Amino acid sequence: MSNALLNLLPNTPTATVKPPVDPATLTYRELERGPFWQKIPAYREVDEKQFLDHTWQAKHTITNTAKLLRAVEGLVSPAFIADAEEGFKRAPMSVRVSPYLLSLIDWEDPYSDPLRIQFVPVASRLLPDHPKLDLDSLHEQQDAPVPGLTHRYVDKALFLPLDTCPVYCRFCTRSYAIGLDTEGVEKVHLRANDERWKRAYEYIASRPELEDIVISGGDAYQLRAQQLEEIGMTLLAMPHVRRMRFATKGPAVMPMKILTDDAWTDALTRVVEKGRQLHKEVVLHTHFNHPREITGITQDAMNKLMERGVTVRNQSVLQRRVNDTPEQMTLLVKRLGHVNVHPYYVYVHDLVKGVEDLRTTLDTALYIEKHVRGATAGFNTPIFVVDAPGGGGKRDAHSYEYYDRESGISVYTAPAVKQGLFLYYDPLDQLSDTMRRRWADPAEHEVMIRLAIAKAREHVR
């Protein structure tokens, strides 16, 4: 072809080579190791073998306010201690903090620390509840045919075999049942009980549509090895049960259990292997919210599970001042992938009482998701969801029928789960002064809600 003809062809784009990445973008690979716990006076003489012993962690887990505040005395001001004491008096969750978790908190700046924010309430930062908040906003008890078993989705059930966890999170959506009674909340107790478990098994066996069972609580970490295996094997023996998930906060707050509680880890492994023999899926679902929760100990624990063929997925909760920026969420997602934990969901914070300071707007979730998507592989990119108040189930945050950013009302439908409209409400302090005044007037509530519902119905199909 002549040069003259070549000149008539469209310009062929030349390949571009991406410039070298800034090393700062690879910090997700940098995991804390070494005796970081020794900066806490109470653990200064604790060596690695002792700190990694799950029985030592359980024995020294702090379960009352006085012990917690004594452990950090000298690291924080008397004013902070007084603030936290008052915070716990007003909190819906009781105290339970592991030495591992306590050691990861930056006590030089406790007010700003994202781990402290999740587990230690301070009264000075609490906000009034939105008038539409509820202690059981997801209506799990209303969808429970037997105590401790929620059957909402057609083919899935949530089994709550017990009501304790290795730590208690401020933002727990199950604060109506988990942990001890508090000054403000008398709990619905779901203690481990053979008779209650039997009723749950009988219900699951009687419903051939149930293929997917989530074992949560409480927390599967708190099950004895024998109990975990009993639950797993009982459910696997039901022909129609095809998938099972053991849900636990444990790897984020006490990863050493996987490394040193051989009986528990072996029991989980046996259930996973039995499931594989039966061509059924058994996985572990866990709950990291901030990249600093992932340490070298975490990596060692996740490596052990990977070697045993255990798939681990993560479900985060979007929280203000914890992970509510694209930078923090991207770092969390990348670090999870680095330790072979699949980021699965990011929940827009549920409408539970006592933690309004942690909730974000729906708009924040949409903004962060846009920036996270594309930062890593699609299968390692979480779906941002709203667990629709009233029992509508998990809805993709983008799938609202209507969202009024002024009033903070978003409206969802869940045609495959439950008929009706399901409303989520942004936190009041994130709205304009005008809107806050309207929400302060009960007569205005129904006016705003009716308008949002009318607008939503224009889009429902």
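Our structure is the block above this text.
In this report, we go over the structure that sits alongside the text. (Residues numbered from 1 in each chain as written. Predicted model: local features only at pLDDT ≥ 70, side-chain atom pairs only at ≥ 80, totals over all residues. Heavy atoms only, no water.)

Some thoughts on the sheet that holds strand 12 (residues 418-425)
Quick note on the threshold: When DSSP finds two or more bridges between a pair of strands, those strands are recorded as paired. By the criteria applied, helices consist of DSSP H or I runs no shorter than four residues and strands consist of E runs no shorter than two, each listed in order from the N terminus. Note on geometry: axes are lines fitted to C-alpha atoms, helical ones only across the stretch in contact, with angles between N-to-C directions running from 0 to 180 degrees.
Taken together, three strands build an open sheet; the order of strands is 10-11-12 and the sheet is antiparallel. Looking at the sheet topology across the chains shown, the edges are occupied by strand 10 (402-404) and strand 12. Here the strands of the sheet are splayed against their neighbours by 20° on average, with no regard to which way each runs. Bridge count for strand 10 against strand 11 (residues 409-414) is three bridges, and the pairing is antiparallel. Each bridged residue has a counterpart across the sheet, and for tyrosine 403 the counterpart in strand 11 is serine 410.

A short note on the sheet that holds strand 1 (residues 149-150)
Operational definition: Residue contacts are counted whenever heavy atoms from the two residues lie within 4.5 Å of one another.
What the nine strands build is an open sheet, ordered 1-2-3-4-5-6-7-8-9; its pairing is mixed. Each edge of the sheet is formed by a strand with only one pairing partner; in this case those strands are strand 1 and strand 9 (393-396). Sheet topology places strand 7 (residues 342-348) next to strand 8 (residues 383-388); four bridges connect them, and they run parallel. Residue pairing in the sheet places valine 346 in a bridge with phenylalanine 384 of strand 8. The strands touched by helix 9 (residues 225-236) are strand 2 (156-159), strand 3 (212-215), strand 4 (243-247) and strand 5 (281-286); relative to strand 4, the strand with the most contacts, the crossing angle is about 160°.

Regarding the pattern of salt bridges
Basically, it comes down to this: When a carboxyl oxygen of Asp or Glu lies within 4 Å of a side-chain nitrogen of Lys or Arg, that pair is called a salt bridge. Three labels apply to residues, based on accessible area from a 1.4 Å probe with only protein chains included: buried if under 20% of the type maximum, exposed if over 50%, partly exposed otherwise in between.
Enumeration according to the criterion identifies 23 salt bridges in this entry. Aspartate 261 is paired through a salt bridge with lysine 257; the nearest N and O atoms lie 2.7 Å apart. A relative accessible area of 12% places aspartate 261 in the buried class. The exposure class of lysine 257 is buried, given its relative accessible area of 10%. Several salt bridges converge on common partners, so that one network encompasses Asp155, Glu211, Asp212, Arg243 and Arg245.

Overview of the packing of aromatic side chains
Spelled out, the test is: Note on aromatic pairs: the rings of Phe, Tyr and Trp (six-membered ring only in Trp) are paired at centre separations within 6.5 Å, and the planes decide the class, stacked below 30 degrees, edge-to-face beyond 60, tilted for the rest.
All chains considered together, the criterion is met by 17 aromatic pairs. Between the aromatic rings of phenylalanine 80 and tyrosine 111, the centroid separation amounts to 5.2 Å while the plane-to-plane angle is 85°, which identifies the pairing as edge-to-face. One end of the pair, phenylalanine 80, is in helix 5 (residues 78-89); the other, tyrosine 111, is in the loop between helix 6 (99-104) and helix 7 (114-119), and 31 residues separate them in sequence. Both rings, one in tyrosine 221 and one in tryptophan 264, keep their centres 5.2 Å apart while their planes meet at 75°; by these two values the pair is edge-to-face. Here the residue tyrosine 221 occupies a position in the loop between strand 3 and helix 9, and tryptophan 264 occupies one in helix 12 (residues 262-277), the gap between them amounting to 43 residues. Take tyrosine 221 and tryptophan 264: they sit in the same class, and that class is buried.

Some details on a negative patch on the surface
Test applied: Patch membership needs two things, relative accessible area over 30% and no salt bridge, and members are linked within 9 Å if like-charged or within 5 Å if nonpolar (Val, Leu, Ile, Met, Phe, Trp, Tyr). Residue-level accessible areas treat just the shown protein chains as cover; the underlying method is Shrake-Rupley with a 1.4 Å probe. Counted charges follow a simple rule, with Lys and Arg positive, Asp and Glu negative, and His plus the chain ends left uncounted. Think of each charge as sitting on NZ of Lys, CZ of Arg, CG of Asp or CD of Glu.
On the surface, Asp194, Glu195, Glu202 and Glu230 cluster together into a patch of negative charge. Mapped onto the fold, glutamate 202 is located in helix 8 (residues 194-206). For glutamate 202, a relative accessible area of 46% translates into the label partly exposed.

Observations concerning the pairing of strand 7
Successive residues of a regular strand alternate their side chains across the two faces of the sheet. This is how it is decided: Orient the strands so they point away from the viewer, and a crossover whose first-strand-to-second-strand path over the helix runs clockwise is right-handed.
With respect to burial, strand 7 is a largely interior element, five of its seven residues being buried. Inspection of the sheet shows strand 6 (residues 312-318) paired to strand 7 by six bridges, in the parallel sense. Pairing of leucine 318 across the sheet is with valine 348, part of strand 7. Where the polypeptide runs from strand 7 across helix 15 (residues 362-372) and back to strand 8, its parallel neighbour, the crossover connection is right-handed.

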